[in-house]
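# Survey of secondary and tertiary structure
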Amino acid sequence: QVRLVESGGGLVQPGGSLRLSCAGSGFTFNNYGMSWYRQAPGKERELVASITSNGGSTNYGDSVKGRFTISRDNAKNSVFLQMNSLKPADTAVYYCTAATAITRFWGQGTQVTVSS
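So, a few notes on the structure that sits alongside this text.

Here is what the cut-offs are and how they apply
Residues numbered from 1 in each chain as written. Predicted model: local features only at pLDDT ≥ 70, side-chain atom pairs only at ≥ 80, totals over all residues. Heavy atoms only, no water. Helix = DSSP H or I, 4+ residues; strand = E, 2+ residues; numbered from the N terminus. Buried < 20%, exposed > 50% of the residue type's maximum accessible area, 1.4 Å probe, protein only. Salt bridge = Lys/Arg side-chain N within 4 Å of Asp/Glu carboxyl O.

### As for the environment of Thr58
The topology assignment puts Thr58 in strand β6 (residues 58-60). For Thr58, a relative accessible area of 38% puts it in the partly exposed group. As for Thr58 and Met34, which are separated by 24 residues in sequence, their C-alpha atoms are 9.6 Å apart.

### Regarding unusual backbone geometry
Phi at Asn77 is positive, roughly 50°, even though this residue is not glycine. Tracing the sequence through the fold places Asn77 in the loop between β7 (68-73) and β8 (78-83). Note on Asn77: relative accessible area 26%, which makes it partly exposed. With a phi close to 50°, Ser85 is a non-glycine residue in the positive phi region. For Ser85, the position within the fold is in the loop between β8 and β9 (92-99).

### What about the pattern of salt bridges?
Applying the stated criterion to the full structure yields four salt bridges. For Asp62, the salt bridge identified is with Lys65, shortest N-O distance 3.1 Å. Several salt bridges converge on common partners, so that one network encompasses Arg38, Glu46, Arg67 and Asp90.

Keep in mind these values describe shape, not function.
Here is the structure:
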């Protein structure tokens, strides 16, 4: 059974930081590219960041470049998203995904709220 479990969300003040984690199980983690997506109320889901299966390449959405960093630890079947300089516009549910060319698995999501 494939599982992706996100953690680390919460309430943070503008300018603060959070680190999201996602633990995968039930599939061969190091064969999958990993990504973080987010969806805010009333908005379309957007790609935040992605990382290749071996961690050799990363990609970021324009709105988070320079502030967020994606990383992975294949020995621990985990992917992370370090979020710095958070803004109210970053408020959303953040989803972890695992993907190959033919399939994509999704986690349940974790809420991030940036507010004073």
